[in-house]
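# Descriptive structure summary
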Amino acid sequence: MGKFVITTRANGEFQFNLKAGNGQTILTSEGYSTKAACNNGIESVKKNAADDDRYDRLESKSGKPYFNLKAGNGQIIGSSEMYESTAARENGIESVKKNAPDAETDDQTA
């Protein structure tokens, strides 16, 4: 089962990673100024993860496939790692869809 892990960045901002059951990070958030905003981001991922239209399938300048998950308002709420193939990127998206809706939150800032 997946989980959201909340941590603090070096600059004091909060961020979350969605980790799959095997511990691999499958989605990383932006930095948030407050923990409440970070938790809202997690709720937005849970709400939007199942909707395939919310995923922007992209390619980096170096040609590596990755994706962004967007909220209904178009704001990016999470980004993936860089993948070696488009098939691996699709597996990453499927993993977010599977893991996010029921994932627990592990707050490591407390």
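Residues numbered from 1 in each chain as written. Predicted model: local features only at pLDDT ≥ 70, side-chain atom pairs only at ≥ 80, totals over all residues. Heavy atoms only, no water.

In the annotation of an unreviewed UniProt entry, the chain is listed under the name DUF1508 domain-containing protein and assigned to Flavobacterium hungaricum.

## Some points on the overall build of the chain
For the chain, the count of helices and strands is two helices and seven strands. Mapped from its N terminus to its C terminus, the chain presents α and β elements in the order β-β-β-α-β-β-β-α-β. Scaling as 2.2 N^0.38, a compact globule of 110 residues should have a C-alpha radius of gyration of about 13 Å, and the chain matches this with 13 Å. Reported as C-alpha extents along the three principal axes, the dimensions of the chain are approximately 35 × 30 × 30 Å. (Helix = DSSP H or I, 4+ residues; strand = E, 2+ residues; numbered from the N terminus. Rg over C-alpha atoms; globule rule 2.2 N^0.38 Å.)

## Topic: the packing of aromatic side chains
Using the criterion set out here, one finds four aromatic pairs in the structure. With a centroid separation of 6.2 Å and 15 degrees between ring planes, the pair formed by Phe16 and Tyr32 is classed as stacked. In this pair, Phe16 is assigned in strand S2 (residues 14–19) and Tyr32 in the loop between strand S3 (25–28) and helix H1 (35–48), connecting sequence segments 16 residues apart. The two residues Phe16 and Tyr32 agree in class, both being buried. (Phe/Tyr/Trp six-rings, centres within 6.5 Å; stacked < 30°, edge-to-face > 60°. Buried < 20%, exposed > 50% of the residue type's maximum accessible area, 1.4 Å probe, protein only.)

## Description of the UniProt feature "domain: DUF1508" (unreviewed entry) in the chain
Per the UniProt annotation, the sites labelled "domain: DUF1508" (unreviewed entry) are residues 11–56 and 61–107. Between the end C-alpha atoms of residues 11–56 the distance is 28 Å, and the span holds 30% helix and 26% strand. When the span residues 61–107 is considered, its composition is 30% helix and 30% strand, and the gap between its end C-alpha atoms is 34 Å. (UniProt positions renumbered as here; feature names shortened; annotations may be inferred.)

## Observations concerning the environment of Ile93
Note on placement: Ile93 falls in helix H2 (residues 86–99). Here the alpha-carbon distance between Ile93 and Tyr66, two residues 27 residues apart in the chain, equals 9.4 Å. Dropping the residues within four chain positions of it, Ile93 is found in contact with Asp52, Tyr55, Arg57 and Phe67. (Contact = heavy atoms within 4.5 Å.)

## Brief notes about the nonpolar core
One finds Phe4, Phe16, Leu18, Val45 and Val96 to be the most contacted residues of the largest nonpolar core, which totals 23 residues. Broken down by secondary-structure element, the contributors of at least two residues to this core are strand S1 (3–8), S2, S3, H1, strand S5 (65–70) and H2. Not counting residues up to four positions away in its chain, the partners in contact with Phe4 are Phe16, Asn17, Leu18, Ile42, Val45, Lys46, Ala100, Ala103, Glu104, Thr105 and Asp106. (Core = buried A, V, L, I, M, F, W, Y, C linked by side-chain atoms within 4.5 Å.)

## As for the side chain of Ser29
When you line up the elements, Ser29 lands in the loop between S3 and H1. On the basis of relative accessible area, Ser29 is assigned to the buried category, the value being 5%. A polar side-chain atom of Ser29 sits 2.8 Å from the main-chain amide nitrogen of Phe16. When near neighbours in sequence (up to four residues on either side) are disregarded, Ser29 contacts Arg9, Gln15, Phe16, Ile77 and Gly78. (Polar contact = N/O pair within 3.5 Å; in protein donor to acceptor, adjacent residues only side chain to side chain.)

## As for H1
Counted at 1.5 Å a residue, the expected span for H1 with its 14 residues is 20 Å, and the 20 Å between its end C-alpha atoms agrees. Among the residues of H1, Cys38, Gly41, Ile42, Ser44, Val45 and Asn48 are the ones counted as buried. Seen from one end, H1 has its buried residues packed into an arc of 160 degrees, which puts them on one side. Projecting away from the buried face of H1 at angles above 90 degrees are the exposed residues Ala36, Asn40 and Lys47. Buried residues along H1 sit against S1, S2, S3, S5, strand S6 (76–79) and strand S7 (104–107). (Expected span 1.5 Å × (residues − 1). Arc of directions from axis to C-beta.)

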